[in-house]
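Architecture at a glance
Below are the chains, spelled out letter by letter.
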Amino acid sequence: MTDTKTLLLTNFQNISYTCDMGDTPLFKIDENLVFEFTLFLKDRLGFEFLLDIAGVDNLNLPKKQTRFSLIYLFRHKEFKETLAFEVDVSNEKVGVATLTKLFKCADWIEREIFDQYGINFSGHPMLKRVLNHNEFVGHPLRKDYEITKGQYCTYTQDMMDEMMPLLQQRGLDHNRDNLMLLNLGPSHPASHGTIRTFVALDGEKIVAGASEIGYLHRGFEKSCENHTYSQIIPYTDRLNYCSAIMNNIAYAKTVESMLGITLPERGVFLRVIVSELSRVIDHLVCLAAGLLDMGAQTNYWYLFNPRGEAYDFLSRLTGARLTNSYARIGGVTHDFHEGWEAELEVVLKSIEKGIYQSLDMVEKNRIYQDRTIGVSPVTAEDAISFGYTGPNLRACGVAYDLRFDKPYDFYDSFDFELVVGTNGDTYDRLMVRFYEMIESIKIIRQAVKKIPDGAVSISDKSIFLPSKSSVYNSIEGVMNQFKLVFEGIKVPAQTYYGAYEAANGELGFTIISDGSGTPYRVKVRPPSFVHMQSYPKIIENYQIGDAILTLGSLNIIAGEMDR
């Protein structure tokens, strides 16, 4: 990374090195250099992966010279290094240059910033709202936006402003060519969440498509601005609600890195166990629903029944089945219950039985192969440009997994395989998840054998809540709890990006702290958001039935997509 810094500072005069966001160097560049600088990063230095762009309203940060800033995050093509640069936006109406010509994923990422902040991206092909509805007035992530202001949507958008250019690019006219315009979703089991995809059909073949999300937009990032760091944890459950605990841990790990704390080993092992179990549960949902979409109902029960047993285990551990919180900043809430090892092993054996029963029925099944092989393939190059991570990227033949490339939580001490596909089609996306579950079960069993005794959380009174016995029986405990609940954990002022290999891919949190107990800005990089924007493009030239299976194989979770 030293060579990278030297190259950048040598080739560009109007930039400066600011600080390290953990192991991510942050540079400051002029707003007029955005495209040129990014092109240099991509073509000359190999930073071919646009992770995210975070918008920031500097209204309450007195040291900032402009009202708005943008933080761009990139990952190197070898996936070992990350790099970021910050841009001060002098005039949000003028904005900065779009990156849509360099990265396909920049389309929705820039639209989101325009939607939430009103910052323009010159040259963007379709700069319109993506999360808030078409009648929305104002920009909700601005610090002076009235959060109690209710804004209702009274009519739907017809999306012809997106469809017409697509048809024109293909030399088509929906009237002349007798095309049928059809809505898939937003409220239908086959849409796998509140998602609407507007398609133009030539018979059963899709010739163009555009997707609309925002039906489940909950304002997660806005809520983070008026809650303490610990109070945010239950909100993370509702991101990818099919593997809720992984969201807890990803967020908590980012804050812990900002605090510079190290967790007790037992607490880390407990996190690994529940994380990998959550990954398995998430994949079970994806595969069971995907197989049901093609009429394979027997497989659905083989996979869904053991999922219920896994939820019984998590329910006993956390008190909730679906949106369950277990991680805390500084560890986990409590140790596992007595007899958990035997109970967990029963669950794992049940899941294994369901996996192998299902594989026996589909792996060499002619109908399954015909419905999935060669359907909506994505090349490795396109997958990286689309911002794919997790199983969807690995299905395209790209061997990237944070547990291997940037190991954390003792993952480098476990013996497990990286599952990689070849063609990036619906078949590969589903099969990668089948075999990833087998590897996750391996990790869980190894973690159960290796888990040490000891504490499950840190004892720092400025970070972790005191025990209830201390609160009920001492004035010090009462005062400690009171200060932590009302004032929050004081995180040193800094900007930080933390990444985690969640079930659907890289779940990232860009957090800006002003030194108080409440974060100034929390920006989420949810895998489903970037995956979903590729969907209308990869289903073109395939039939409606193929499109449904493709959506299921992408495993879009609306909660993290719409936040």
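Time to look at the environment of Leu26. Inspection of the secondary structure assignment puts Leu26 in strand 2 (residues 24–29). Linking Leu26 and Lys523, residues 497 residues apart in sequence, is a C-alpha distance of 16 Å. Beyond its immediate chain neighbours, meaning those up to four positions away, Leu26 contacts Ser16, Tyr17, Thr18, Cys19, Met21, Ile71, Ala84, Phe85 and Glu86.

All right, on to helix 8 (residues 265–293) then. An ideal rise of 1.5 Å per residue puts 42 Å on 29 residues; helix 8 measures up with 42 Å between its terminal C-alpha atoms. Counting buried positions along helix 8 gives 25 out of 29 residues, so the element sits mostly inside the fold. Just past helix 8, the residue Gly295 takes up positive phi, approximately 90°.

What follows is about the sheet that holds strand 4 (residues 68–75). Spatial strand order, 1-2-5-4-3: five strands in an open sheet with mixed pairing. At either end of the open sheet lies a strand with only one pairing partner, and these are strand 1 (15–21) and strand 3 (49–57). Neighbour-to-neighbour, the strand axes of this sheet turn through a mean angle of 25°, independent of strand direction. Sheet contacts for helix 2 (residues 34–43): strand 1, strand 2, strand 4 and strand 5 (82–89); angle to strand 5, the most-contacted strand, approximately 175°. Contacts from helix 3 (residues 106–117) reach strand 3 and strand 4, with the element oriented near 5° to strand 3.

Another aspect to go through is the sheet that holds strand 10 (residues 205–212). The three strands are arranged 8-9-10 in an open sheet whose pairing can be described as antiparallel. Strands at the two margins of the open sheet, each flanked by one partner only, are strand 8 (180–184) and strand 10. The mean inter-strand angle of the sheet, taken between neighbouring strand axes irrespective of direction, is 25°. In this sheet, strand 9 (residues 196–202) lies alongside strand 8 in antiparallel orientation, the contact comprising five bridges. Along strand 9, the bridge assignment pairs Met180 with Leu201. Contacting strand 8, strand 9 and strand 10, helix 4 (residues 160–169) runs over the sheet at an angle of about 145° to strand 10.

It is worth spelling out a nonpolar patch on the surface at this point. Together, Leu465, Phe482, Val485 and Phe486 line one region of the surface with nonpolar side chains, adding up to about 410 Å² of accessible area. Structurally, the position occupied by Phe486 is in helix 17 (residues 475–487). For Phe486, a relative accessible area of 61% translates into the label exposed.

Turning our eyes to something else, we now look at the side chain of Glu86. Structurally, the position occupied by Glu86 is in strand 5. Apart from residues no more than four positions distant in its own chain, Glu86 is found in contact with Leu26, Phe27, Lys28, Ile29, Lys64, Ser69, Leu70 and Ile71.

Let us look at the packing of aromatic side chains. By the definition in use, this model includes 28 aromatic pairs. Both rings, one in Phe12 and one in Phe40, keep their centres 5.2 Å apart while their planes meet at 85°; by these two values the pair is edge-to-face. One end of the pair, Phe12, is in the loop between helix 1 (2–11) and strand 1; the other, Phe40, is in helix 2, and 28 residues separate them in sequence. Note on accessibility: Phe12 and Phe40 belong to one class, buried. On the numbers, 4.8 Å between centres and 80° between planes, the contact of Tyr300 with Trp301 is edge-to-face. For Tyr300, a relative accessible area of 16% translates into the label buried. Here a set of aromatic residues connected by ring pairs shows up, and it is made of Phe269, Phe404, Tyr408, Phe410, Tyr411, Phe414, Phe416 and Tyr500. Positioned over the ring face of Phe386 is Lys104, at 4.9 Å from the centre of the ring. Its guanidinium or amino end placed over the ring of Phe198, Arg196 lies 5.8 Å from that ring's centre, counting from NZ or CZ.

Glancing now at the packing of helix 8 against helix 15 (residues 426–450). Think of two packed helices as two axes; the pair is described by the angle between the axes and how far apart they sit. It is at 9 Å that the axes of helix 8 and helix 15 come closest, and there the two elements cross at 155°. Taken together, the axis directions place helix 8 and helix 15 in an arrangement best described as roughly antiparallel. The chirality of how helix 8 crosses helix 15 is left-handed. In this structure, helix 8 contributes Phe269, Val272, Ile273, Glu276, Leu277, Arg279, Val280, His283, Leu284, Cys286, Leu287 and Leu291 to the contact, and helix 15 contributes Leu430, Arg433, Phe434, Glu436, Met437, Ser440, Ile441, Ile443, Ile444, Ala447, Val448 and Lys450. A per-class count over the contact of helix 8 with helix 15 returns 17 nonpolar, two polar and five charged.

All told, the structure shown has 38 salt bridges when counted by the stated rule. Of the charged contacts, one joins Lys80 and Asp405 as a salt bridge, the two residues approaching to 3.7 Å between their closest N and O atoms. Here the residue Lys80 occupies a position in the loop between strand 4 and strand 5, and Asp405 occupies one in helix 14 (residues 402–405), the gap between them amounting to 325 residues. Of the charged contacts in the structure, one is a salt bridge between Asp401 and Arg403, with a shortest N-O distance of 2.7 Å. Neither Asp401 nor Arg403 differs from the other in exposure class; each is buried. Salt bridges sharing common partners tie together Glu276, Arg279, Arg394, Asp401, Arg403, Glu436 and Glu501.

Disulfides are covalent bonds that link the sulfur atoms of two cysteine residues. Per the stated rule, a full pass over the model turns up zero disulfides. The thiol sulfur of Cys396 is not disulfide-bonded, and the nearest other cysteine sulfur, from Cys105, lies at 14 Å.

Cut-offs applied
- Residues numbered from 1 in each chain as written.
- Predicted model: local features only at pLDDT ≥ 70, side-chain atom pairs only at ≥ 80, totals over all residues.
- Heavy atoms only, no water.
- Helix = DSSP H or I, 4+ residues; strand = E, 2+ residues; numbered from the N terminus.
- Contact = heavy atoms within 4.5 Å.
- Expected span 1.5 Å × (residues − 1).
- Buried < 20%, exposed > 50% of the residue type's maximum accessible area, 1.4 Å probe, protein only.
- Pairing = 2+ DSSP bridges.
- Axes fitted to C-alpha atoms, helices over the stretch in contact; angles between N-to-C directions.
- Patch = residues over 30% accessible without salt bridge, like charges linked within 9 Å, V, L, I, M, F, W, Y side chains within 5 Å.
- Areas by Shrake-Rupley, 256 points an atom, 1.4 Å probe, with all protein chains shown as cover.
- Salt bridge = Lys/Arg side-chain N within 4 Å of Asp/Glu carboxyl O.
- Phe/Tyr/Trp six-rings, centres within 6.5 Å; stacked < 30°, edge-to-face > 60°.
- Lys NZ or Arg CZ within 6 Å of the ring centre and 35° of its normal.
- Parallel < 35°, antiparallel > 145°, perpendicular 65-115°, else oblique.
- Left-handed = near helix turned anticlockwise from the far one by under 90°.
- Nonpolar A, V, L, I, M, F, W, Y, C, P; charged D, E, K, R; others polar.
- Disulfide = S-S within 2.5 Å.

Take it as geometry only, folks, not as evidence of what the structure does.
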